[in-house]
Amino acid sequence: MARPKSPDFEQRQQQILRSAAALFATQGYSETLLDDIARHCGVKRSSLYHYHASKHALLHSLVTWKIQVLSDKVDRAVAAVQGPREQLTALIATLVQDYVASPHDIHILNTQSHHLDDAAQASIASLQDRLIGHARAAIAQLCPEQRWGPKSDRVLTMLLFGMVNWIPAWYKPQGGMSPDQLVEVIVHLFMGGLEGMSES
């Protein structure tokens, strides 16, 4: 018989994910032991298996959860505005605000998700495609000529995510630029570049 879930199961599961995120981000996935995670969140190692079957399963849950949260936020932000420029701006603002608020999570997506096996990688691909698809659709409308080939919109989309995804690696809230100002700079640079390409 399966062990019944406690009333605070989901809360404790999230607590374990948050502890794992902090340790994976600062120590790395390979260097972090389940004992480290248990100690960080104040539970016995044996208790971790009630919430996650293994360290790999914990990383998979963390990556899946974070991409799902980002995808849901972007879905709502894009749906709330009309026009490709406004939608791309909403997407950039949503990502920047989230990345600044939870740098550990994004650092893991950028640097630790390669530890997932092929099956786990495949399971998160559709979530990633949904998130990326919003940006690609808007960019295709803003720069429709595809002058560098049939996948120019994908190249431009990857350039945008390359600019945004590494913000947690260098951004410091006390550095003199607010998240809103950072969004303004990114939008100005990227949109200005797209508009210039369309006019040339």
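As a starting point, this report considers the structure included with it.

Calculation criteria
Residues numbered from 1 in each chain as written. Predicted model: local features only at pLDDT ≥ 70, side-chain atom pairs only at ≥ 80, totals over all residues. Heavy atoms only, no water. Helix = DSSP H or I, 4+ residues; strand = E, 2+ residues; numbered from the N terminus. Buried < 20%, exposed > 50% of the residue type's maximum accessible area, 1.4 Å probe, protein only. Contact = heavy atoms within 4.5 Å. Areas by Shrake-Rupley, 256 points an atom, 1.4 Å probe, with all protein chains shown as cover. Lys, Arg positive; Asp, Glu negative; His and termini not counted. Charge placed at Lys NZ, Arg CZ, Asp CG, Glu CD. Salt bridge = Lys/Arg side-chain N within 4 Å of Asp/Glu carboxyl O. Phe/Tyr/Trp six-rings, centres within 6.5 Å; stacked < 30°, edge-to-face > 60°. Lys NZ or Arg CZ within 6 Å of the ring centre and 35° of its normal. Core = buried A, V, L, I, M, F, W, Y, C linked by side-chain atoms within 4.5 Å. 1 Å grid on protein atoms, 1.4 Å probe; cavity = no way out; pocket = protein on both sides within 12 Å on 5 of 7 lines; lining within 4 Å. Points joined across faces, edges and corners; volume = space filled by probe spheres on them. Nonpolar A, V, L, I, M, F, W, Y, C, P; charged D, E, K, R; others polar. Polar contact = N/O pair within 3.5 Å; in protein donor to acceptor, adjacent residues only side chain to side chain.

The next subject is the overall build of the protein. Along its length, the protein carries 10 helices and 0 strands. Starting at the N terminus and walking to the C terminus, you meet the elements of the protein as α-α-α-α-α-α-α-α-α-α. Seen through its principal axes, the protein has C-alpha atoms that stretch 65 × 40 × 30 Å. Looking at the protein residue by residue over its 200 residues, the buried ones come to 40%. Nonlocal contacts in the protein, meaning residues at least 24 apart in sequence, comprise 72% of its contacts between residues at least 6 apart. As presented, the protein carries roughly 10800 Å² of accessible surface, and 56% of it is formed by carbon and sulfur atoms. For the protein, the centre of its 18 positive side-chain charges and the centre of its 19 negative side-chain charges are spaced 8 Å apart.

Turning to the pattern of salt bridges, a few remarks are in order. Summed over all chains, the structure comprises 9 salt bridges. With its nearest N and O atoms 3.6 Å apart, the salt bridge here joins D105 to K66. Of this pair, D105 sits in helix 6 (residues 103–111) while K66 sits in helix 4 (residues 55–79), and the two are 39 residues apart along the sequence. Its salt-bridge partner being R130, residue D75 comes within 2.8 Å of it at the nearest N-O pair. In this pair, D75 sits in helix 4 while R130 sits in helix 7 (residues 118–142), placing the two residues 55 residues apart along the sequence. Taking relative accessible area as the criterion, D75 reaches 26% and is therefore assigned partly exposed.

The next thing to look at is the environment of A135. Within the secondary structure layout, A135 lies in helix 7. With 32 residues separating them in the primary sequence, A135 and I167 have C-alpha atoms 18 Å apart. Once residues within four sequence positions are removed from consideration, A135 is found in contact with L88, L91, T157, L160 and F161.

Turning our attention to the packing of aromatic side chains. Throughout the structure, instances matching the rule amount to 2 aromatic pairs. Relative to Y171, the ring of W170 lies with its centre 6.1 Å away and its plane at 75°, an arrangement referred to as edge-to-face. The partly exposed category is assigned to W170, whose relative accessible area is 49%. When its relative accessible area of 8% is taken as the criterion, Y171 is described as buried. Against the face of W65 rests K66, its NZ or CZ located 6.0 Å from the ring centre.

Let us look at the nonpolar core. Soluble globular proteins: nonpolar side chains tend toward being buried together. By size, the foremost hydrophobic cluster in this structure holds 57 residues, and its most contacted members are F24, I37, L88, I92, L95, V96 and L160. Looking at this core, the elements with two or more residues in it are helix 1 (9–27), helix 2 (34–41), helix 4, helix 5 (84–101), helix 6, helix 7, helix 8 (152–165) and helix 10 (179–199). Beyond its immediate stretch of four places on either side in the chain, I92 contacts L160, V183, I186 and V187.

This part covers the layout of surface pockets. In this structure, the largest pocket occupies an estimated 370 Å³ of space. In this structure, the largest pocket is lined by 17 residues; those nearest its centre are I67, Q128, I132, F161 and N165. Contributions of two or more residues to the lining of the largest pocket are made by helix 4, helix 6, helix 7 and helix 8. Considering every element that reaches the lining of the largest pocket, the biggest residue donor is helix 7, with 6 residues. Here the residues of the lining of the largest pocket sort into 11 nonpolar, 4 polar and 2 charged.

This paragraph deals with the side chain of D98. Position of D98 among the secondary structure elements: in helix 5. Residue class for D98 comes out buried when judged on its relative accessible area of 5%. Here K66 takes part through its side chain, which lies 2.7 Å from a polar atom of the side chain of D98. Within the structure, the side chain of D98 is placed 2.6 Å from the side chain of K73, a separation counted as a polar contact. Look past the residues within four positions of D98 in its chain and what remains in contact with it is K66, L70, K73 and I106.

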